[in-house]
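# Survey of secondary and tertiary structure
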Amino acid sequence: MHTSPLSRRTVLAGTAAAAALTAVPAFQARAAEQAEPAAPAYRWRNAVIGGTGFVTGVLFHPSVKDLAYARTDIGGAYRWDDRTSRWTPLTDHLGWDDWNLLGVEALAVDPAHPDRLYLALGTYAQSWAGNGAILRSEDRGATWARTDLTVKLGANEDGRGTGERLLVDPRSSDTLWLGTRHDGLLKSTDRGATWAAASTFPATPSATGQGVTLLVAAGRTVYAGWGDAGGTATNLYRTADGTTWEPVPGQPTGTAAKVPIRAAYDRHTRELYVTYADAPGPNGQSDGSVHKLATATGKWTEVTPVKPGGTTSDGSTDSFGYGGVAVDACRPGTVVVSTNNRWAAVDTLYRSTDGGRSWTSLKDTAVFDVSETPYLKWGEDRPKFGWWIQAVAVDPYDSKHIVYGTGATLYGTRDLKRWAPQIRGLEETSVRQLISPPTGEAHLISGCGDIGVLYHERLTASPSRGMATNPVFGTATGLAMAAARPSYVVRTGWGDHGNGAWSNDGGRTWAPFAAQPALGKDAPGPIATNTDGSVLLWVFVHWDGTKYPAQRSTDNGATWAEVSSFPKGATPVADPADPTRFYAYDTDTGTLFASTDSGLTFTARATGLPSGDSQFELVAAPGRSGDLWLSTKWNGLYRSTDGGANFSKAAGPWASYTLGFGKAADGAAYPAIYMVGATEAITAVYRSDDEAKTWVRINDDAHQWGWTGETITGDPRVYGRVYLATNGRGIQYGEPV
């Protein structure tokens, strides 16, 4: 997405997904002595939004009708089930320690063995990220074998829409090729179980380059694109025997052919189509071209539909690159390509039925129906055709069935004119805030990366209002509800037309703050409202981490005043029962600050608590004054019942990452507590019904979703229901069966 300066999608270290029943063990807090409670059975599903993230690759199986796979930059891989018209997630089993494997760099199928599927996993290639891995399946992703690599992959880095970088060799199903960014070309001769460098591959990798951008088979020959040639040196190689590689003669050069993005082979005409750009994308492209190679004769022909660099009707420069390319297996000479990073004239798909001699823009006749995922209008009257279009596929059994990925969804058509999201089951949201109101139509309001705030009147359908408007946000940075006045909700976030808003109808409709501090535009941080909604505290943190003084408003955002005693950058927490009290935890010093004058001044209370991590989290128990819980990761869970004057270590798992509350169990006097925490063995989702004396795990090994440390909350109206934020797998909610 393009609307937020930075999100966890860029920097982190519809109906719901298929229901699953989980029966999981209980464990007893080490300080508790009573018998362990019975293990609950839980069903986990997505709260439906529909897509919301970058779909970086789509692959129809060439040998099996109605079988397709999709990959995403941070949200795993999926298999299409045509009978139910939905995507099935294939990588939810990857847990906390494997968070870096939720990004899928590439996928591959074996045309000769329809049940085989391969995934190349690794979200970041930076020094702080773990190495990549290969998953191998003999049953279309139902079960996996895993090979850990000694190199890093970068599914959420520049160039993530190129590819595929993984390929089954057309001469032998036992041989696989893997193109890496910084470690050259790898080869496996045992179906991906072990890997070694392809020593005869001539290109030299670097620590900062793109490396291999694509691998494609043309007959029995394998072609490899190289992203670091600079527009003058060789950027396309081939091997006919799996050993000897050579530059492809006569290949295009220059800025418009600097980086090979994708390639597709028309077996009928024996022509290889290659899209190019001057940068790997999805951002930063301003030039590009499309060329085809007659593999039998070696003749290259430029078939670029429209050359970048023209002028639009409003005088803007029409700069862009080319991205996706797909051929029609049923119709010789029929090919579809996409533009990418075309912000002035808006991206499109071009389709040719004569081998690229003439082209038709499919955008020009497109009719969109986004009623299933209304957020795709982005607060406007109609949706765009798309952006970040680098994944394009044509169904090999249906010439009019075309799909393409964008930065937010996957669109499909069956008649080349009418388009709709083909996204059910694929949920890729990076979630930041969750509120479950005690009253009202919606049981959930969410704040998300890239798509702002959503009012979920149903959990099994995408919010009918779409993303919150007036104003529209990119990434939400704050979301808060007045505990004693739940109709009053406030939100903050990144946006071009205001960065704060309030609602008097529980989040259905919004109005912007009448004024906002100047810092609101460049550093909008979290916000809190006291229990009756009469006071707002807004914190400001720049995307680079710079912290600024908090600001306070007592007139619904019409005027603001600095609160100099508030610890810079801390997240404000309102007392749920006393409108004069606010709290803030200074993670730099390990100090709890409190206010008893409605946020006018803050004074230090407890000191010497764990420090040094901005993700330590303070929450207040609902309906109680001064009942505070502090999650400090591997330092454990702390509790104060005197408004932060004193904290004591709470019983429970070894680590506590995020914590929330829900409706109490029958006969219980205290709310149910939900936590993402860790024992010495595993990081998981836990529930306590007895004020943290004992805990039970409520997810299982098949439902882990990578990193889940952002936020969690229970439902105050439904016992046992919990909402969990993920970084790339949307909002998961679980319920006892």
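Residues numbered from 1 in each chain as written. Predicted model: local features only at pLDDT ≥ 70, side-chain atom pairs only at ≥ 80, totals over all residues. Heavy atoms only, no water.

Let's shift gears to the overall build of the protein chain. For the protein chain, the helix and strand inventory stands at two helices and 60 strands. Since a compact globule built from 737 residues should have a radius of gyration of about 27 Å, the 26 Å found for the protein chain is in line with a globular shape. Considering the protein chain as a whole, with its 737 residues, one finds that 63% of them fall into the buried category. Of the accessible surface of the protein chain, which amounts to about 25400 Å², a share of 48% is contributed by carbon and sulfur atoms. With 66 positive and 74 negative side-chain charges, the protein chain shows a separation of 4 Å between the mean positions of the two kinds. (Helix = DSSP H or I, 4+ residues; strand = E, 2+ residues; numbered from the N terminus. Rg over C-alpha atoms; globule rule 2.2 N^0.38 Å. Buried < 20%, exposed > 50% of the residue type's maximum accessible area, 1.4 Å probe, protein only. Areas by Shrake-Rupley, 256 points an atom, 1.4 Å probe, with all protein chains shown as cover. Lys, Arg positive; Asp, Glu negative; His and termini not counted. Charge placed at Lys NZ, Arg CZ, Asp CG, Glu CD.)

What follows is about unusual backbone geometry. Note that the residue after Gly163, namely Glu164, is joined by a cis bond; omega there is 10 degrees. Looking at the secondary structure, you find Glu164 in the loop between strand S11 (145–148) and strand S12 (166–168). Residue Gly281 is joined to Pro282 through a cis peptide bond whose omega torsion reads 5 degrees. With respect to the helices and strands, the residue Pro282 is situated in the loop between strand S21 (271–277) and strand S22 (288–294).

This brings us to the environment of Leu659. Mapped onto the elements, Leu659 comes out in strand S54 (residues 655–662). With residues near it in sequence (within four places) discarded, Leu659 still touches Glu617, Val619, Trp629, Ser631, Leu637, Ile673, Tyr674, Met675, Trp695 and Ile712. (Contact = heavy atoms within 4.5 Å.)

The strand order across the open sheet built from four strands is S38-S39-S40-S41, with neighbouring strands paired in antiparallel fashion. With partners counted over all chains shown, the strands left at the sheet margins are strand S38 (476–482) and strand S41 (511–512), one partner each. (Pairing = 2+ DSSP bridges.)

Once that is clear, we can look at the sheet that holds strand S26 (residues 321–327). Read across the open sheet, the four strands follow the order S26-S27-S28-S29; overall the sheet is antiparallel. Of all strands in the sheet, those bounded by a partner on one side alone are S26 and strand S29 (360–361). In terms of strand pairing, S26 meets strand S27 (residues 335–340) through five bridges, oriented antiparallel. Following the sheet pairing, Gly321 is matched in S27 by Asn340.

This structure, assessed with the given rule, holds 30 aromatic pairs. Each ring, one from Phe368 and one from Phe385, has its centre 5.6 Å from the other, and the planes form 85 degrees; the classification is edge-to-face. Separated by 17 residues along the polypeptide, Phe368 in strand S30 (residues 367–368) and Phe385 in the loop between S30 and strand S31 (392–394) bring together distant segments of the chain. Through a chain of ring-to-ring contacts, the aromatic side chains of Trp177, Phe201, Trp226, Tyr237 and Trp245 assemble into a single cluster. Across from the ring centre of Trp510, 4.6 Å away, lies the NZ or CZ of Arg491, which sits over that ring. (Phe/Tyr/Trp six-rings, centres within 6.5 Å; stacked < 30°, edge-to-face > 60°. Lys NZ or Arg CZ within 6 Å of the ring centre and 35° of its normal.)

With that settled, consider the nonpolar core. Leu349, Tyr375, Trp378, Ile402, Tyr404, Ile451 and Ile731 are the most contacted members of the largest nonpolar core, which has 35 residues in total. Listing elements by their share of this core, those giving two or more residues are S31, strand S32 (402–405), strand S35 (431–435), strand S36 (444–448), strand S59 (722–725) and strand S60 (731–736). Apart from residues no more than four positions distant in its own chain, Ile402 is found in contact with Val336, Leu349, Arg351, Leu362, Ala393, Val394, Tyr411, Gly412, Thr413, Leu416 and Trp419. Residues Tyr42, Ile698, Trp705 and Ile712 belong to the second largest nonpolar core, which totals 20 residues. (Core = buried A, V, L, I, M, F, W, Y, C linked by side-chain atoms within 4.5 Å.)

We now examine the pattern of salt bridges. Enumeration according to the criterion identifies 37 salt bridges in this entry. A salt bridge links Asp415 to Arg418; its shortest N-O distance comes to 2.6 Å. As a salt-bridge pair, Lys547 and Asp588 come within 3.0 Å of each other at their nearest N and O atoms. Of this pair, Lys547 sits in strand S44 (residues 547–553) while Asp588 is found in the loop between strand S47 (582–586) and strand S48 (591–595), placing the two residues 41 residues apart along the sequence. Through salt bridges with shared partners, a single network forms among Arg43, Arg45, Asp715, Arg721 and Glu735. (Salt bridge = Lys/Arg side-chain N within 4 Å of Asp/Glu carboxyl O.)

Residue alternation in strand S33 (residues 410–413) divides its side chains into two sets, Leu410 and Gly412 and Tyr411 and Thr413, and both sets are buried. Across four bridges, the pairing between S32 and S33 is antiparallel. Across the sheet, the residue bridging to Tyr404 is Tyr411, located in S33. Two successive antiparallel strands, S32 and S33, enclose a turn made up of four residues. Relative to strand S34 (residues 418–421), S33 runs antiparallel, the two sharing three bridges. Note that in S34 the partner of Gly412 across the bridge is Ala420. Hairpin connection of S33 to S34: four residues between the antiparallel strands, including Leu416 at a positive phi of 70 degrees.

Take the side chain of Ser598 next. Of note, Ser598 is situated in the loop between S48 and strand S49 (603–604). The exposure class of Ser598 is buried, given its relative accessible area of 16%. Discounting residues that sit within four places of it in the chain, Ser598 has contacts with Val535, Arg552, Pro579, Thr580 and Phe582.

Another aspect to go through is the confidence of the model for the protein chain. Here the protein chain averages 94 in pLDDT, and 95% of its residues register 70 or above. The low-confidence segment residues 1–36 (pLDDT under 50) makes 142 contacts with residues lying over four places distant or belonging to another chain. (pLDDT = per-residue confidence, 0-100.)

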